[in-house]
Amino acid sequence: MAVFNSFKRSLSELRNIRCIAAVGVFIAIFVVLDGFGSIRIGEFLKINFAYLALAVIGMLFGPAVGLVAGFACDLVGYLVNPVGGFIPWLALITALEGMIYGMFLYGFVPDKSVKQYTKIFFARLTVVVICNLLLNTWALYSFGFIGQAGESLLMLIYARIGTNAVGLAAAAVLMPMVLIPVRIAYTRFLCGGRTR
């Protein structure tokens, strides 16, 4: 029931011009970070920070808006940098990522307690396991972007665990540093001090 109410509240956010404007800004930030904000360490390790913008959208506006924004992030990113073909499955995975952030973080009130840091960490952990390790690996493998003859999907998932573990460790530090100030600023300056 709580999840249904969260989606219902989030859907109502789409009628708010403040929501539309903020989501547009964070989609633009996502696209910039996705295109230019990645750090490559060696041949196989790449850390990307675009997820921070999507996490902010989910936190501020909930799972329904996060779902729509995630799809829009992938689509706009492809339109800005059309490398290869547009793959709807990858856009749906990014949409799921936005929804997961919304489910965990919507209504987040920063109080710097261990519970709040744990909530942020588990939001990212869920995205890493479901979206990055399982669904992205499966999609990339299915479309022939990764894997060689004789490699199983399970082998590729194991190979990607190290990269995702490093990214998760970075997220554990970065997400609170970004989400808490953004939530405070949004509440103070755009909501007149009222949390929604």
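None of the values given here were measured: they were computed from a predicted structure. (Residues numbered from 1 in each chain as written. Predicted model: local features only at pLDDT ≥ 70, side-chain atom pairs only at ≥ 80, totals over all residues. Heavy atoms only, no water.)

1. A few points about the environment of I27
Alright, step 1. Following the sequence through the fold, I27 ends up in helix α2 (residues 17-36).
Alright, step 2. Of the residues examined, I27 reaches a relative accessible area of 11% and is grouped as buried.
Alright, step 3. Spatially, the C-alpha atoms of I27 and F49 are 13 Å apart, while their sequence positions differ by 22 residues.
Alright, step 4. The contacts of I27, once residues within four sequence positions are left out, are I57, A69, A72, C73 and V76. (Helix = DSSP H or I, 4+ residues; strand = E, 2+ residues; numbered from the N terminus. Buried < 20%, exposed > 50% of the residue type's maximum accessible area, 1.4 Å probe, protein only. Contact = heavy atoms within 4.5 Å.)

2. Quick word on the packing of helix α3 (residues 51-80) against helix α4 (residues 88-105)
Alright, step 1. In contact at an axis separation of 6 Å, α3 and α4 are set at 165 degrees when each is read in the N-to-C sense. By the criterion of interaxial angle, the relationship of α3 to α4 is roughly antiparallel. Note that α3 runs across α4; the crossing there is left-handed.
Alright, step 2. Split by residue class, the contact of α3 with α4 holds 16 nonpolar, seven polar and two charged. (Axes fitted to C-alpha atoms, helices over the stretch in contact; angles between N-to-C directions. Parallel < 35°, antiparallel > 145°, perpendicular 65-115°, else oblique. Left-handed = near helix turned anticlockwise from the far one by under 90°. Nonpolar A, V, L, I, M, F, W, Y, C, P; charged D, E, K, R; others polar.)

3. A few points about α4
Alright, step 1. With 18 residues, α4 ought to run about 26 Å at 1.5 Å a step, and its terminal C-alpha atoms sit 26 Å apart, in line with that.
Alright, step 2. Those residues of α4 that sit buried are A91, I93, T94, A95, E97, G98, M99, I100, Y101, G102 and L105.
Alright, step 3. Buried residues along α4 sit in contact with α1 (2-13), α2, α3, α5 (114-142) and α6 (153-190).
Alright, step 4. G107, located one to two residues past α4, shows a positive phi value of around 80 degrees. (Expected span 1.5 Å × (residues − 1).)

4. A look at the packing of aromatic side chains
Here a ring pair, both rings aromatic, is described through the centre-centre distance and the interplanar angle of the planes.
Alright, step 1. All told, the structure shown has four aromatic pairs when counted by the stated rule.
Alright, step 2. Arranged with centres 5.7 Å apart and planes meeting at 90 degrees, the rings of F61 and Y186 form a pair that is edge-to-face. Taken together, the positions of F61 in helix α3 and Y186 in helix α6 put the pair 125 residues apart, joining distant regions of the chain. Each member of the pair, F61 as well as Y186, is classed as buried.
Alright, step 3. Aromatic pair W89 and W138: ring centres 6.1 Å apart, planes at 85 degrees, arrangement edge-to-face. Pair noted here: W89 is in helix α4 and W138 is in helix α5, with a separation of 49 residues, a long-range link.
Alright, step 4. Taking relative accessible area as the criterion, W138 reaches 36% and is therefore assigned partly exposed.
Alright, step 5. One Lys or Arg, R124, reaches over the ring of Y51 and ends 3.8 Å from the middle of that ring. (Phe/Tyr/Trp six-rings, centres within 6.5 Å; stacked < 30°, edge-to-face > 60°. Lys NZ or Arg CZ within 6 Å of the ring centre and 35° of its normal.)

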